[in-house]
Every structure is written in structure tokens, then in C-alpha cells.
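Observations on chain architecture
Here are the chains, one letter per residue:
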Amino acid sequence: MTLAPNDNLPIEENPAQDRWYLAYTKPRQEQIALVNLEQQAFEAYLPLYKKFKKTEQGPVALFEPMFPRYILFRPSRPEQSISVVRNTKGIATIVRFGFEPALINDELVRRIRLLEENRSHATLLELSNLKAGQTVRLKHTALGGIEGLIQSVSSKRVAVLLEILGRPTVVQVEHHQVEVTDH
């Protein structure tokens, strides 16, 4: 940003390149909106969030929208109008504050990209909410329903201390075979 001569008012050097617009998508149509914005030559960005879903076969990595129903976009050319975005398949509306479209600066988008990249490389252990000392309940095993104390957590297994027939016993189970109890 520079100052205009004599009036000390800021002048945007290239607002299309350092600002992003925000669109609100139709339910679960973020990917459709992304494809259609790109086909119209917009630069579009859908931040994704890595999480692990528990399945009977074990945890499976999934990538879901970080901000459900929102997508960022900006024109690829200074003369490109954003008015066509309202009619883009998958888009419900352009987010506005009064009559002005919401603008997000490039620095915030850069930080979101960094968070997304760091999380996409994270392992199950790094994202797990299981910690040593927590009380858990076993599920999907012959010992289902029994509560115990987590002794250790690795990327593959959770060691749980149980009391079986009056004796302390440590069992190794997979992450999806335990759930944290409220107490």
C-alpha cells in the first residue's frame, strides 16, 4: 500500500491480488463450488481439515472443509467481475457486510494454508485426544464395557490398565476400541 501525493490517503496497489472474497456455499457443495469457480478462471481455495474417523477396521484419515459451507475466491485478472459468483453452481451467496463484499487479507489466508499443511501431515498419535492417565471404556472387544486407565499411547496401540479377576492387567488395543469416559 502506498500513500497518494498530498492527501495522505492509502491507495491499494493491487487489491485483487492481496485480498480474497468469501462465498457461502450450498450444504455439502463446497467441492462443487470449488470446481465451478476454477472453471470460471477464479482463483479458489477450500481449506481442508484432516481428521480420523473411527471404523471397525481402525482409524481412517478424512479431509473435510475447515470452514463448512465457506470458500475463498478472488479474480485471476483485475478486470474480472465477481458478480457471476452468485450464480455459480454450489454457491448460495457472496458474504457481505452491508453492501460491501467481505474481504480477507492474504496474510490470513497464508496462515490458514500453513495450519492446513501442518495438520495434513499430522499422524493419528499427534491428533489423538487419548492421553496417559485418562479413564476409558473398552468397546468392540470381548471386554467391551469395562473401564480402565490409559498407561501409554502409541501411533498403533493404546495400553490400558484393567482390573481382571482382582488383578491389574495391561491390555493393548487399537485407538478405535476405546472411548474416553466423563469421569
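Details of the structure are given in the entry above.
In this report, we go over the structure that sits alongside the text. Starting from 1, residues in each chain are numbered consecutively following that chain's sequence as written. Local features in this predicted model are restricted to residues whose pLDDT is 70 or higher, and side-chain atom pairs enter the listing and the counts only when it is 80 or higher, whereas totals over whole chains, interfaces and linings include all residues. Side-chain metrics in this entry use all non-hydrogen atoms of the structure; hydrogen atoms and water are not considered.

**Focus: the sheet that holds strand β16 (residues 178-180)**
Rule in force here: A pair of strands is labelled paired if DSSP reports no fewer than 2 bridges between them. Runs of E in the DSSP output that reach at least two residues are strands. Runs of H or I that reach at least four are helices, and both are numbered from the N terminus. Fitted lines through C-alpha atoms give the axes, limited to the stretch in contact for helices. The angle between two N-to-C directions lies from 0 to 180 degrees.
Here we have five strands laid out as an open sheet, ordered β15-β14-β13-β12-β16, and antiparallel in their pairing. Each end of this open sheet is capped by a strand with a single partner; those strands are β15 (167-174) and β16. With direction set aside, neighbouring strand axes in the sheet form an average angle of 45°.

**Observations regarding the side chain of Q177**
Definition in use: Here a polar contact is taken to be a pair of N or O atoms separated by no more than 3.5 Å, where protein atoms must pair a possible hydrogen donor with a possible acceptor and residues adjacent in sequence count only if both atoms sit in side chains. We call two residues in contact whenever any of their non-hydrogen atoms come within 4.5 Å of each other.
Locating Q177 in the fold gives a position in the loop between β15 and β16. Separated by 2.8 Å, the side chain of Q177 and the backbone nitrogen of E174 make a polar contact. Dropping the residues within four chain positions of it, Q177 is found in contact with R137, L138, K139, H140 and T141.

**Focus: helix α3 (residues 106-120)**
What counts, and what does not: To estimate how far a helix should extend, the number of its residues minus one is multiplied by 1.5 Å.
With 15 residues, α3 ought to run about 21 Å at 1.5 Å a step, and its terminal C-alpha atoms sit 21 Å apart, in line with that. Of the residues that open α3, the one with a side-chain oxygen 3.2 Å from the backbone nitrogen of E107 is N105.

**Things to note about the side chain of T181**
Worth spelling out the cut-off: Between buried and exposed lies partly exposed: a residue is buried under 20% and exposed over 50% of the maximum accessible area for its type, with that area taken using a 1.4 Å probe on protein chains only.
On the secondary structure map, T181 appears in the segment after β16. For T181, a relative accessible area of 7% translates into the label buried. Residues in contact with T181, not counting those within four places in the same chain, are T135, V136, R137 and E147.

**Quick notes on the packing of aromatic side chains**
Cut-off, in case you're wondering: Aromatic pairs are defined between Phe, Tyr and Trp rings, using the six-membered ring for Trp, whenever the two ring centres lie within 6.5 Å; interplanar angles under 30 degrees are classed as stacked, those over 60 as edge-to-face, and all others as tilted. Consider the ring centre and the ring normal. A charge sits over the ring if Lys NZ or Arg CZ is within 6 Å of that centre and within 35 degrees of that normal.
Scanning the entire structure with this criterion turns up four aromatic pairs. Summarising the aromatic geometry, the rings of Y21 and F73 are spaced 5.6 Å apart at their centres and angled 25° between planes, so their arrangement reads as stacked. Residue Y21 is located in strand β3 (residues 19-25), and its partner F73 is located in strand β7 (residues 70-75); the two are separated by 52 residues in the primary sequence. Take Y21 and F73: they sit in the same class, and that class is buried. Centroid distance Y24 to Y70: 5.1 Å. Interplanar angle 55°. Geometry classified as tilted. One end of the pair, Y24, is in strand β3; the other, Y70, is in strand β7, and 46 residues separate them in sequence. According to the relative accessible area criterion, Y24 is partly exposed, its value standing at 26%. By the ring-pair criterion, three or more aromatic residues cluster together here, those being Y21, F42 and F73. If you follow R113 out to its NZ or CZ, it ends over the ring of Y45, 3.9 Å from the centre.

**Here's the deal with the pairing of strand β12 (residues 135-138)**
Residues V136 and L138 line the buried face of β12, whereas the alternating positions T135 and R137 sit on a face that is not buried. Here β12 runs beside strand β13 (residues 147-153); their pairing, made up of three bridges, is antiparallel. When the sheet's bridge partners are listed, R137 is paired in β13 with E147. Where β12 and β16 come together, three bridges link them in antiparallel fashion. Residue pairing in the sheet places V136 in a bridge with V180 of β16.

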